[in-house]
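Structural description and commentary
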Amino acid sequence: MTQTKEPGAELPLQQQEEVVIRFAGDSGDGMQITGNQFTNTSALVGNDLATLPDFPAEIRAPAGTRPGVSGFQIHFSSSDIHTPGDAPDVLVAMNPAALVVNVMDLKPSGTIIANTGNFKAGDLRKAKLDVNPLEDGSLDGFRVIQIDINARVAEALKDSPLSTKDVQRCKNFYTLGLMYWLYSRPLEATLKWLEAKFKNKPDLIEANQKALQAGYNAGDIHEMFQGRYEVPRCEMLPSGTYRNIMGNQALGLGLVAGARCADLDMFLGAYPITPASDLLHQLAAYKNHGVITFQAEDEIAACCAALGASFTGHLGVTSTSGPGIALKAETIGLAISVELPLVIIDVQRAGPSTGMPTKVEQTDLLQCIFGRNGEAPAPVIACATPSDAFECAIEACRIAVEYMTPVFLLSDNYIANGSEPWRLPDLDKLPKFKVEFETNPEGFLPFSRDERHVRPWVRPGTPGLEHRIGGLEKENGTGNVSYDADNHELMCKLRLEKVMGIRDTIPTPVVQGPESGDLLVIGWGSAKGAIQSGTDALRAKGVKVANTHLRHLWPLPHGLAEMFSRYKAVLVPEMNMGQLWRVLRSEYPETNFLSYAKVQGKPFTQSDIVARIESILEQ
């Protein structure tokens, strides 16, 4: 299916409001690089966007097999969007496995761009296919563009000094160039990126740039498409300077900003774990911002080191995923007992145990709220999007130092590796919560408390303020070891009241949609985008459904009971088996909460939310 045209004639340029593209191939095909470059270029063009990287946990899964498929989906638009899209308009499949794994997600009449150079008999066997799907009629409902990308890259780079194997590694940039042409994207940003990426390897720079340009030129030369498309810049976003940002990047910047807002140097104790490792990598480069990073021998040591840093007057931070939270639990309990600030980043992934390390879930909520021995209350907050992670990191720092407590900040795989435009903040308008260390020895008691039940923070070695600290129960005020029954109960209550008092400093969530009615949808974490898109779509059709979102998950904000009372039912979508649903039912037993649980390693889609709401309202 090709379009012919007169020599020299331009193909028509069609305006589209939004497009969803999925790049899919082997882990070694560079699909994540391809997707990230398309993302960065779309951000420079001025589109709103959201992305969903999806890759195997294995460093090198078997090439050509279904488990080895790596994908990257980008949704870019001229209007405000909240998700990486439900179904792709275009699927770029670099081999048969990538095609069969992803084709069922493609929109009806969507476009498939297939690299026929990897559809030989051996490739079909690796993908466990008896027949070639490009030839058996199974793709008749789609528009299929067949291109031997392998051969075209080899032709474009026939004069390159690179080996045949290295030449074929350039095929992702050929594919990227073709998609740049199809969607009217400029090449300049990627050309410059290649120069920086391979600055000491001129042959690689030249080869990848030639492949990129060849793919771009092929759109015109080979006349495969009936037209080109353009997605205009988004004019709906607030004015300002924007950059494309991933969730882990935003977390790192937010932690640095939070430490500066408290006028503290920051210490990160971490042990590498997917998908939180990027945070350690990023913060290691921020020595000039007062950041000390320590890669520990294990999760326990990482958390102990971070708590020790807080004891010395630094802002202690530790980062991990769900399995690491389990290992850090005893040290977190110690931090609660000695009442020192500690920010604990949990980039959630699918479990239990090792689970599916590169897939997404929201399954650590109950672990973070309750997962410690004894009465050990700690606040829990969660970011909703990659850019929201910056503000949430600052908020976690604020709570930790103002209330002398460990704070859990929940992100997840989807947020960590996803990206979106982020408006650079005005640094002068960031909240200030400068720490004042206790220095006056007169009347000093290490566990005396202010009106919020917060104890003083003392740097060790401050003259006259020496005191005992440790995991044994403390006498109220003096901090001396105490086994008195009444004192223990008092200390448990004081620590709980301190944490619950945090709700006095957090706002009641805003309701979008009708202020009362049949159904309110409430979410947390990365479910926000799908809930927002789904309820927006239904309201546009006249359906009276409301939605709200929780950033602070423990303690819960004031005003929720009154909010819930205005609706017949409250739907709680979350990527677990109903963890927030259980918490809400225990705290607000008079409300009719409905759980919408999903644990598939995939985020909610807009259509998921729409279908569930419509089903509930029909009943």
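Procedures and definitions
- Residues numbered from 1 in each chain as written.
- Predicted model: local features only at pLDDT ≥ 70, side-chain atom pairs only at ≥ 80, totals over all residues.
- Heavy atoms only, no water.
- Helix = DSSP H or I, 4+ residues; strand = E, 2+ residues; numbered from the N terminus.
- Contact = heavy atoms within 4.5 Å.
- Expected span 1.5 Å × (residues − 1).
- Buried < 20%, exposed > 50% of the residue type's maximum accessible area, 1.4 Å probe, protein only.
- Arc of directions from axis to C-beta.
- Polar contact = N/O pair within 3.5 Å; in protein donor to acceptor, adjacent residues only side chain to side chain.
- Pairing = 2+ DSSP bridges.
- Axes fitted to C-alpha atoms, helices over the stretch in contact; angles between N-to-C directions.
- Parallel < 35°, antiparallel > 145°, perpendicular 65-115°, else oblique.
- Left-handed = near helix turned anticlockwise from the far one by under 90°.
- Nonpolar A, V, L, I, M, F, W, Y, C, P; charged D, E, K, R; others polar.
- Phe/Tyr/Trp six-rings, centres within 6.5 Å; stacked < 30°, edge-to-face > 60°.
- Lys NZ or Arg CZ within 6 Å of the ring centre and 35° of its normal.

Here we come to the environment of T462. Structurally, T462 is set in the loop between β16 (419-423) and α16 (485-500). Between the C-alpha atom of T462 and that of A57, which follows or precedes it by 405 residues, the distance is 48 Å. Here T462 is in contact with E438 and T439, once residues within four sequence places are set aside.

Turning our eyes to something else, we now look at α16. Counted at 1.5 Å a residue, the expected span for α16 with its 16 residues is 22 Å, and the 23 Å between its end C-alpha atoms agrees. When α16 is considered as a whole, its buried residues turn out to be N487, M491, C492, L494, R495, K498 and V499. Around the axis of α16, the buried residues are gathered within 160 degrees of arc, so they sit on the same side. Turned more than 90 degrees away from the buried face of α16 sit A485 and D486, all of them exposed. Its buried side turned inward, α16 meets α12 (322-338) and α14 (388-403). At the N-terminal boundary of α16, the capping side chain belongs to D484, with an oxygen 3.2 Å from the backbone nitrogen of D486.

Residues three or four positions apart in an α-helix share a direction because the helix packs 3.6 residues into each turn. Every buried residue of helix α4 (residues 149-156) is accounted for by I149, N150 and V153. Each buried residue of α4 sits inside an arc of 105 degrees when the element is viewed along its axis, so together they form one side.

Turning to its location among the elements, S70 is positioned in strand β4 (residues 69-77). Classification of S70 by relative accessible area gives buried; the value is 3%. Excluding its chain neighbours within four sequence positions, the residues that come into contact with S70 are F23, A24, G25, D26, S27, M31, Q32, D54, F55 and P56. A polar atom in the side chain of S70 sits 2.8 Å from the side chain of Q32.

This next bit is on the pairing of strand β3 (residues 48-54). Counting buried positions over the seven residues of β3 gives five, a clear majority of the element. Bridging between β3 and β4 involves seven bridges; their strand directions are antiparallel. Note that in β4 the partner of L49 across the bridge is F76.

Next up on the list: the packing of helix α1 (residues 31-45) against helix α6 (residues 171-182). Contact pair α1 / α6: the axes reach a minimum separation of 10 Å and the direction vectors enclose 30 degrees. It follows that α1 is roughly parallel to α6 by the angle criterion. At the point where α1 passes α6, the crossing takes the right-handed sense. Residues M31, I33, T34, Q37, F38 and T41 of α1 pack against N172, F173, L176, M179 and Y180 of α6. Across the contact of α1 with α6, the residue classes tally to seven nonpolar, four polar and no charged.

The subject of this paragraph is the packing of aromatic side chains. Taken as a whole and judged by the stated rule, the model has 14 aromatic pairs. With a centroid separation of 5.2 Å and an interplanar angle of 85 degrees, the aromatic rings of F564 and F593 are classed as edge-to-face. Taken as a pair, F564 in helix α18 (residues 560-564) and F593 in strand β21 (residues 593-597) lie far apart in primary sequence, 29 residues in all. Exposure remark for F593: the relative accessible area of 6% places this residue in the buried category. Each residue in the set F23, F38, F76, Y180, Y183 and Y229 is aromatic and connected to the rest through ring pairs, giving one cluster. Positioned above the aromatic ring of F447, the side-chain terminus of R455 is 4.5 Å from the ring centre.

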